[in-house]
Amino acid sequence: MSLTVALSKGKLLSGTQELFRRAGWPFPDGESRRLVVPMGELRYLFVKDMDVPTYVEYGVADCGIAGRDVVLEAGSDVFEPLDLGFGGCRLVVAVPAGSAFSPGSASTVRVATKYPRIATEYFLGRGISVEAVRLAGSVEIAPGLGLADCIVDIVETGRTLEENGLEAIETVVESSARLVVNRASFHARRAEVQRLVETLEGAVR
Amino acid sequence: MNGAHRLAQIPPGVQCFVGNEARRRRRIEEAVLAVFEGWDYEEIIPPLFDYADVFTGEALSAKTYSFVGRDGSVLALRPDFTSLLAKIAAGRLRDRPAPIRLYYSGEVVRYEPPRAGRQSEFFQMGLEHLGGEPRAADAEVLTIAAECLEALEVEGFVLALGHVGVFTGLLAGSGIGGARLEELRERVEAKDARGVRRALAEVDLAPEAKSALERLTTLAGGLEVLDEAAAALACCPAAAEAVGELRAVAEALGGAGLGSRVAVDLGEVRGLDYYTGLVFRVFVPGLGFEVGGGGRYDTLLARFGRPLPAVGFMLGLDRVALLLGRQKGEAAPSTSSAERVTGSDLGKALAVARTKRAEGARVRFGNGGGQ
């Protein structure tokens, strides 16, 4: 039986494709709409990025590639043996540029985010009461419209923040693409998993 | 929504089993308990609730359903059997000489959202070996664990062994604690070498110990890992001693013909707070999470006033049932088919049914209606 690898078609796809090809694994072309693609010794699953850790935690996929941000948000109990060195970004607290707002100054911080779990833990961990407003996208407009005081979101270059009149004031966590591995597969299918880990490790730049 | 619907709603985290599902679970339980009995362990049926402080440890107490008794004492529904059995061994069985071999089977409840094949209420079958020579007890318990899985005809199971003493030994004297220790433990457990390095950046610890902690993330695999570990952990006598204990147990299992079932994972550093030595988990291909596990807890019984080293093991019935359903399908367990008995005279019909019952037949009594 082949190893199943969960991947997302989101922003990590091109880096993932390059990595697998450098490591010598056949990899499907981006054009196909198929969500389950068997290829040689691997079977690829294409799922939503936030769902990759879940597929791996439940063992439906033996391995997967997901951002550290996504693994943290999912709270999944998986191994993370490799930092793959691409997909680098920061999860930041951002507020309207020039605003006097700082998290410590409010009795309760209202934060709009796609990462309610990370945002809530971050503020509670600093002793700040928090109300996380979960949004599925376009988080940047929330403070300007009065939905939230600030946002917790991913920043790569900072351009999106700037264009929406926001500035990052604190870094919550640094993220990059990780290889995640199911705990049971790691032991029960050791030889195959080990080979995938080693070949990918050799191809990390 | 009308009232009738609201009353039929069940709270999240509970489940019930009907007919063949229930039968399958009973068969699993019977098979496992027969193995426990076969190794001369004695059953304990402990109480459903006890004083909340019996169940210690941060990980567990945060998940305990506790309530206030009429006399104002804080009570808790059992989230775990091990603490209860330790208390019983130190209390009611105080005069019984060690080693004491006990087993249990029943539900525990934990305040956890349904996840990874488990509801808030789930069913554990396990045993505790209290006292006795530690390495022999460790190897005995692991051998029994393997026999349970064999009895259930589980395919491809692996016993992944770790030792808490490797991690704690490497950290001795560092003064690390609190959130930083948790972060480090979590990164070792995730096998994230870079994360371990980052978590150790500001910890006051010898460079050899730091690089050894980082190595824990890759010290996982077959028995050859023990040789690598002996070399990598030579800097720290406590950690090296822990590896020595693991080796003794692993070699004994090899001698028992179970070598191919054993894996080593020195990044296995988590588990319940009371573990002090060997820890292990049972993994099976096709189920993403462990079906059982256990470990050595040498300090727990002292809390109840009877210092005794101990080791235990448990299998999760819910996960075993899920796994066997996947490996073998959901076929109905075999039962004899029922004989229909009916008659115009109720008393006579019942007398016939009783005769057939006395002969051991399965009887479907027809006078009440239905097929």
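None of the values given here were measured: they were computed from a predicted structure.

**Observations concerning the overall build of chain A**
Moving on, step 1. Each helix and strand counted, chain A has eight helices and 11 strands in total.
Moving on, step 2. Across its three principal directions, the C-alpha atoms of chain A cover 55 × 30 × 30 Å.
Moving on, step 3. Of all 205 residues assigned to chain A, the portion counted as buried reaches 41%.
Moving on, step 4. Long-range contacts, defined as pairs at least 24 residues apart, comprise 66% of the intrachain contacts of chain A with a sequence gap of at least 6.

**A closer look at helix 6 (residues 164-171) of chain B**
Residue and element names in this part refer to chain B.
Moving on, step 1. Of all eight residues in helix 6, seven are buried; the element is thus mostly enclosed.
Moving on, step 2. Looking at the buried positions of helix 6, the neighbouring elements they touch are strand 7 (158-163), helix 7 (178-189), helix 9 (207-215), helix 11 (237-255) and strand 10 (278-284).
Moving on, step 3. Of the residues flanking the end of helix 6, it is Gly 173, one or two places downstream, whose phi is positive at about 85 degrees.

**Observations regarding the nonpolar core**
One broad rule of soluble globular proteins: the nonpolar side chains tend to lie buried together.
Moving on, step 1. Judged by nonpolar contacts, the single largest core of 100 residues is most densely connected at Ala 145, Leu 159 and Leu 161 of chain B.
Moving on, step 2. Among the elements that line this core, the one with the most residues is helix 5 (residues 134-151) of chain B, at nine residues.
Moving on, step 3. The contact partners of Leu 161 of chain B, leaving out residues within four places of it in the chain, are Leu 246, Val 249, Ala 250, Val 262, Ala 263, Val 264, Asp 265, Leu 278 and Phe 280 of chain B.
Moving on, step 4. By size, the runner-up hydrophobic cluster in this structure holds 31 residues, among which are Ala 6, Leu 12, Val 78 and Leu 82 of chain A.

**So, the domain arrangement of chain B**
Moving on, step 1. Entries for chain B in the domain assignment read domain 1 (7-328) and domain 2 (340-371).
Moving on, step 2. Measuring from the centre of the C-alpha atoms in domain 1 of chain B to the corresponding centre in domain 2 of chain B gives 49 Å.

**Remarks on the confidence of the model for chain B**
Detailed reading of the predicted coordinates is not advisable wherever pLDDT falls low.
Moving on, step 1. Per-residue confidence for chain B gives a mean pLDDT of 90; residues scoring 70 or more make up 97%.
Moving on, step 2. Taken over the whole predicted complex, pTM reads 0.88, whereas the ipTM for its chain interfaces reads 0.84.

**Overview of the pairing of strand 11 (residues 287-296) of chain B**
All names here are of chain B.
Moving on, step 1. Burial analysis of strand 11 places 10 of its 10 residues in the buried class, which makes it a mostly covered element.
Moving on, step 2. Of the pairings in the sheet, the one linking strand 10 to strand 11 comprises five bridges and is antiparallel in character. Its bridge partner lying in strand 11, Val 279 is registered against Gly 295.
Moving on, step 3. Where strand 10 folds back on strand 11, the antiparallel hairpin that results is connected by two residues, among which Gly 286 adopts a positive phi of roughly 95 degrees.
Moving on, step 4. Note that strand 11 and strand 12 (residues 310-316) share five bridges and pair antiparallel. Of the residues in strand 12, the one forming a bridge with Gly 292 is Leu 315.

**What to know about the interface of chain B and chain A**
Moving on, step 1. Listed as interface residues are 19 residues of chain B and, on the opposing side, 14 residues of chain A.
Moving on, step 2. At the level of elements, strand 7, strand 9 (262-265), strand 10 and strand 11 of chain B are the ones that each hand at least two residues to the side of chain B that touches chain A.
Moving on, step 3. Here the side of chain B that touches chain A takes four residues from strand 11 of chain B, the largest share from any one element.
Moving on, step 4. Of the residues belonging to the side of chain B that touches chain A, the class tally is 10 nonpolar, four polar and five charged.

**Considerations on the pairing of strand 9 (residues 150-155) of chain A**
All names here are of chain A.
Moving on, step 1. Of the pairings in the sheet, the one linking strand 6 (residues 89-96) to strand 9 comprises five bridges and is antiparallel in character. Its bridge partner lying in strand 9, Leu 91 is registered against Ile 154.
Moving on, step 2. Here three bridges tie strand 7 (residues 108-113) to strand 9, and the two strands are oriented parallel to one another. Note that in strand 9 the partner of Ala 112 across the bridge is Ile 151.

**Considering the sheet that holds strand 10 (residues 166-175) of chain A**
All names here are of chain A.
Moving on, step 1. The mixed open sheet is built from five strands, whose spatial order is 8-7-9-6-10. Only two strands of the sheet have a single partner each, and these edge strands are strand 8 (129-134) and strand 10. Ignoring which end each strand starts from, the neighbouring axes of this sheet average 30 degrees apart.
Moving on, step 2. For strand 7 and strand 8, the ladder comprises six bridges, and the chain directions are parallel. Paired with Arg 110 across the two strands is Glu 131, which belongs to strand 8.
Moving on, step 3. Lying on the sheet, helix 4 (residues 116-125) is in contact with strand 6, strand 7, strand 8, strand 9 and strand 10; it crosses strand 8 at an angle near 170 degrees.

Basis of the calculations
- Counting restarts for each chain, with residues numbered from 1 along the sequence as it is written.
- All chains are assigned letters beginning at A, and all ligands numbers beginning at 1, according to the order in which they are written.
- At least 70 in pLDDT is required for a residue's local features to be given in this predicted model, at least 80 for side-chain atom pairs to be given and counted, and no such filter applies to totals for whole chains, interfaces and linings, which use all residues.
- Here a strand is any run of E in DSSP of at least two residues, a helix any run of H or I of at least four, and the numbering for each starts at the N terminus.
- Whether a residue is buried, exposed or partly exposed is read from the other C-beta atoms within 10 Å of its own C-beta, which are placed from the backbone; 20 or more gives buried, 12 or fewer gives exposed, and intermediate counts give partly exposed.
- This entry defines residue contacts through backbone-placed C-beta atoms, with two residues in contact when those atoms are within 7 Å.
- When buried Ala, Val, Leu, Ile, Met, Phe, Trp, Tyr and Cys residues are joined through C-beta atoms within 7 Å, the set is termed a nonpolar core.
- As annotated, the domain borders come from an automatic or database domain assignment.
- The predictor reports its confidence for every residue as pLDDT, a score running from 0 up to 100.
- Strands are labelled as partners when DSSP assigns at least two bridges between them.
- Three classes are used, and their members are as follows: Ala, Val, Leu, Ile, Met, Phe, Trp, Tyr, Cys and Pro are nonpolar, Asp, Glu, Lys and Arg are charged, and the others, Gly among them, are polar.
- Between N-to-C directions, angles cover 0 to 180 degrees, with each direction set by a line fitted to C-alpha atoms, over the stretch in contact for helices.

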